[in-house]
Amino acid sequence: MPAEYFTDVRDWVFDLDNTLYPPQMRLFDQIEVRMVSYVMDALGVTQSEANHLRKTYWEQYGTTLAGLMQEHGVDPVPYMQQVHDIDFSVLSPDVQLRDHIAALPGRRIIYTNGSADYALRVIEARGLSGLFDAVYGVEHAGYRPKPEHDAFAQVFALDGLDPAFAAMFEDDPRNLATPFQMGMRTVHVAPERLDAPHIQHHTDDLTAFLSKLRP
């Protein structure tokens, strides 16, 4: 049972996309389409070239936005507004997930590479509003994204979080390496298990996993 590994956790940190909703809802697919459109317009490239840059910058810099800022000086604010202008009706409320998050002892936090405003809209659509003590977006780290160590350090310092007494739930395995190094419990939320030293726990069902942490 995983509960014994989390007995001293005081802060529960959740990623957003494909973590607080299942990837089958395919919300991020809409964002990727809008990313490609933005890159096409901003850089004057073809759809194929824009999609290539989207993936390349994500792999190299952690997010497409970070690459666009570094390589092309793109202003992050209009970019974030455009790529997050999507249809949230594909998301549905999850009463069981809400109950299990609400039962966690201590503080509950969202930390996403999206914007905080976008995160609030996602959790509203999932029926999770009012559960979280803090919501941090990439803007709170000066638009430096996970997996950068400085991004985590800045957000956690802003929050006053002690990583030694915290857990991180995340779908992107890259984004669990720094939390593990900082002393956090790490939970990979994804359909497929990945064996890596920085991944301590895995689940393909966040609700079921959280249910096992209740006394």
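Criteria and thresholds
- Residues numbered from 1 in each chain as written.
- Predicted model: local features only at pLDDT ≥ 70, side-chain atom pairs only at ≥ 80, totals over all residues.
- Heavy atoms only, no water.
- Core = buried A, V, L, I, M, F, W, Y, C linked by side-chain atoms within 4.5 Å.
- Buried < 20%, exposed > 50% of the residue type's maximum accessible area, 1.4 Å probe, protein only.
- Contact = heavy atoms within 4.5 Å.
- Axes fitted to C-alpha atoms, helices over the stretch in contact; angles between N-to-C directions.
- Helix = DSSP H or I, 4+ residues; strand = E, 2+ residues; numbered from the N terminus.
- Parallel < 35°, antiparallel > 145°, perpendicular 65-115°, else oblique.
- Left-handed = near helix turned anticlockwise from the far one by under 90°.
- Lys, Arg positive; Asp, Glu negative; His and termini not counted.
- Salt bridge = Lys/Arg side-chain N within 4 Å of Asp/Glu carboxyl O.
- Polar contact = N/O pair within 3.5 Å; in protein donor to acceptor, adjacent residues only side chain to side chain.
- Pairing = 2+ DSSP bridges.
- Right-handed = clockwise from strand over helix to strand, strands pointing away.

### Overview of the nonpolar core
Link 1 in the chain: Membership of the largest hydrophobic core comes to 51 residues, with the highest contact counts inside it found for Phe14, Leu20, Phe132 and Phe169.
Link 2 in the chain: Residues in contact with Phe14, not counting those within four places in the same chain, are Leu20, Ile101, Leu104, Ile109, Ile110, Tyr111, Phe132, Phe169, Leu206 and Leu210.
Link 3 in the chain: Ranked by size, the runner-up nonpolar core spans 16 residues in total, among them Ala134, Phe156, Met184 and Ile199.

### So, the packing of helix α1 (residues 27-43) against helix α4 (residues 76-83)
Link 1 in the chain: The N-to-C vectors of α1 and α4 enclose an angle of 135°; their axes lie 8 Å apart at closest approach. Considered as vectors, α1 and α4 are oriented oblique to each other. α4 is crossed by α1, and the crossing has right-handed handedness. Along the contact surface, α1 presents Ile31, Arg34, Met35, Ser37 and Tyr38, while α4 presents Pro78, Tyr79, Gln82 and Val83.

### Topic: the environment of Arg214
Link 1 in the chain: Structurally, the position occupied by Arg214 is in the segment after α9 (206-211).
Link 2 in the chain: Sequence spacing of Arg214 and Ala3 is 211 residues, and the spatial spacing of their C-alpha atoms is 7.3 Å.

### Here we look at the side chain of Arg108
Link 1 in the chain: Following the sequence through the fold, Arg108 ends up in strand β2 (residues 107-111).
Link 2 in the chain: Buried and unpaired, Arg108 has Asp133 as its nearest opposite-charge partner, separated by 4.8 Å.
Link 3 in the chain: Reaching out from Arg108, the side chain makes a polar contact with the backbone oxygen of Leu104 at a distance of 3.2 Å.
Link 4 in the chain: Excluding residues that lie within four positions of it along the chain, Arg108 makes contacts with Trp12, Ile101, Ala102, Leu131, Phe132, Asp133 and Ala134.

### Some details on the pattern of salt bridges
Link 1 in the chain: Evaluated as defined, the whole model comprises 12 salt bridges.
Link 2 in the chain: Here Asp8 makes a salt bridge to Arg185, at a shortest N to O gap of 2.3 Å. Taken together, the positions of Asp8 in the segment before β1 (11-14) and Arg185 in strand β5 (residues 185-189) put the pair 177 residues apart, joining distant regions of the chain.
Link 3 in the chain: Looking at Arg185, the relative accessible area reads 13%, which means it is buried.
Link 4 in the chain: Put simply, Asp11, Arg107 and Asp159 are held in one network by salt bridges that share partners.

### Overview of the sheet that holds strand β3 (residues 134-136)
Link 1 in the chain: The parallel open sheet is built from six strands, whose spatial order is β3-β2-β1-β4-β5-β6. Edge positions in the sheet fall to β3 and β6 (201-203), since each has one partner strand and no second. In this sheet, adjacent strand axes meet at a mean angle of 20° when their direction is disregarded.
Link 2 in the chain: Two strands pair when backbone bridges link them, and β1 and strand β4 (residues 166-170) are joined in this way by four bridges, in the parallel orientation. Within the sheet, the bridge partner assigned to Trp12 lies in β4 and is Ala167.
Link 3 in the chain: Sheet contacts for helix α7 (residues 149-159): β2, β3 and β4; angle to β2, the most-contacted strand, approximately 145°.

### Describing the pairing of β2
Link 1 in the chain: With four of five residues buried, β2 is to be regarded as a mostly interior element.
Link 2 in the chain: Two elements, β1 and β2, share four bridges in a ladder whose sense is parallel. Each residue of the ladder has a partner; that of Phe14, found in β2, is Ile110.
Link 3 in the chain: For β2 and β3, the ladder comprises three bridges, and the chain directions are parallel. Opposite Ile110, over in β3, you have Val135 as the bridge partner.
Link 4 in the chain: Regarding the hand of the β-α-β motif, the stretch spanning β2, helix α6 (residues 116-125) and β3 is right-handed.

From the geometry alone we can't say anything about function, so treat these as descriptive.
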